[in-house]
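# Tertiary structure, described
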Amino acid sequence: MKEGFHVHTNVSINEIKKVGEENYSVDLQPSGSNSANGTAALLDGVDLCLAATGRKPKLDGLGLEKAGVEIDEKTGEIITDEQGKTSCDSIYALGDCTSAAKLTPVALEQGHCFADTFYGKKPRLPDLESVATAVFSYPNVGTVGLTESEAVNKYGKVTVYTSRYTPLKNHVGQVETPIADRGKDYMKICVDTATDRVVGLHMVGDGAGEIMQGFATAIKCGCKCIFTYIFLHNIHVYTNINFNFFLLSRYKKTIGFNCWYTSNCCRRICYNAYCKI
Ligand SMILES: Cc1cc2nc3c(=O)[nH]c(=O)nc-3n(C[C@H](O)[C@H](O)[C@H](O)COP(=O)(O)OP(=O)(O)OC[C@H]3O[C@@H](n4cnc5c(N)ncnc54)[C@H](O)[C@@H]3O)c2cc1C
């Protein structure tokens, strides 16, 4: 498979046609409740196509309306409080049928908290902030915490560090390929400017799903970007991929701009070390 992928939202696949031995053409048409935001397209030279359909709770026929359980009209999900209590005092809802992130560990933790609270005499609430998750595509998309726009909505002033760089392995044996054409990774750190606390961390690249787990723990512990050892003075594994996260925070912070210092630095290291292999 070739490197890289393109994401098309609010469309569905109308037709896939085989073109030659290895390629396909894909006809996309706007669809779904946000179809106005989708764009029709006929894509040529596609080697792999993934339809990520999404899911909605199937609540018809349960008689929830008769019990007075409120459902969010837009999303079709049951409205609950943090504990899972619905608008009917004796009915609780947990997991995928609510607005919680639709992930196995989220549903498990909600269920565990419910059992601890109501049957184990250990009342506690699930902490659903900074849940790490990944799309296991090639390369992975890994994410934990808030996106840039969510962070801006919540904190107002947010410092964003980004880097798009060529991981070292993509230089090996690539001497004929211009550096610009070698596969790139992407990283972003979103920081609440007022407190310097890391509130979101995102990556597109090999192993991003694995990498996010460790950073999720650091973020849960309230790690700060510049002033703590976690990012600034952490001695990292070299030459793994996620050392770039540590490099990112070493450079002058900028608000809303790309932190090119990092990209250049990585490129220089890569070039010196690997270009001639
Ligand atoms: C294809 C796919 C891949 C996924 N991959 C991942 C992944 O890699 N990582 C991850 O974290 N999450 C993944 N998820 C999401 C994960 O499966 C869900 O978030 C999780 O299972 C939610 O748990 P739940 O208990 O809320 O619902 P479910 O696991 O769906 O359990 C609900 C149960 O209720 C039953 N049920 C429904 N209606 C009724 C009824 N009227 N009466 C009695 N029983 C009923 C269902 O049969 C089902 O057994 C994936 C989901 C899908 C569909």
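Criteria and thresholds
- Residues numbered from 1 in each chain as written.
- Predicted model: local features only at pLDDT ≥ 70, side-chain atom pairs only at ≥ 80, totals over all residues.
- Helix = DSSP H or I, 4+ residues; strand = E, 2+ residues; numbered from the N terminus.
- Buried ≥ 20, exposed ≤ 12 C-beta atoms within 10 Å, placed from the backbone.
- Contact = placed C-beta atoms within 7 Å.
- Core = buried A, V, L, I, M, F, W, Y, C linked by C-beta atoms within 7 Å.
- Near = placed C-beta within 6 Å.
- Nonpolar A, V, L, I, M, F, W, Y, C, P; charged D, E, K, R; others polar.
- Pairing = 2+ DSSP bridges.
- Axes fitted to C-alpha atoms, helices over the stretch in contact; angles between N-to-C directions.
- pLDDT = per-residue confidence, 0-100.

The next thing to look at is the overall build of the chain. From N to C terminus, the chain includes six helices and eight strands. Going residue by residue from the N terminus, the α and β elements of the chain occur as β-β-β-α-α-β-β-α-β-β-β-α-α-α. Sorting the 277 residues of the chain into buried and exposed places 25% on the buried side. The long-range fraction of contacts in the chain, counting pairs at least 24 apart against all pairs at least 6 apart in sequence, stands at 49%.

Core analysis: the largest hydrophobic core is formed by 23 residues, its most contacted members being I189, C190, V191 and V198. For this core, the secondary structure elements donating two or more residues are β6 (158–165), β7 (185–192), β8 (197–205) and α4 (208–220).

Attention now goes to the site of the ligand. Neighbouring residues of the ligand: L62, G95, D96, K102, L103, T104, P105 and A107. Residues of the shell around the ligand, tallied by class, amount to four nonpolar, two polar and two charged.

Attention now goes to the pairing of β8. Within β8, eight of the nine residues are buried, which leaves the element mostly enclosed by the surrounding structure. In the sheet, β7 pairs with β8 via seven bridges, with the strands oriented antiparallel. If you follow C190 over to β8, its bridge partner there is G200. Where β7 folds back onto β8 in an antiparallel hairpin, the turn is made up of four residues, including D196, whose phi is positive at roughly 70°.

Taken together, five strands build an open sheet; the order of strands is β4-β5-β8-β7-β6 and the sheet is antiparallel. Each edge of the open sheet is held by one strand with a lone partner, namely β4 (133–135) and β6. Taking the axes of each pair of neighbouring strands and ignoring which way they run, one obtains an average angle of 10° across the sheet. Across the sheet, helix α3 (residues 148–155) is in contact with β6, β7 and β8; its angle to β6 comes to roughly 170°. Across the sheet, α4 is in contact with β4, β5 (140–145) and β8; its angle to β5 comes to roughly 10°.

The subject of this paragraph is the environment of H171. By the element assignment, H171 lies in the loop between β6 and β7. Residue classification places H171 among the buried positions, given that 21 C-beta atoms sit within 10 Å. Note: C-alpha distance between H171 and R182 (11 residues apart in sequence) is 7.1 Å.

Taken residue by residue, the chain gives an average pLDDT of 83. The fraction at 70 or more is 83%. For the chain, the element scoring lowest by mean pLDDT is helix α6 (residues 260–274), at 34; helix α2 (residues 104–118) scores highest, at 97. A low-confidence stretch, residues 254–277 stays under pLDDT 50, and its non-local contacts, those more than four residues away or across chains, total 39 contacts.

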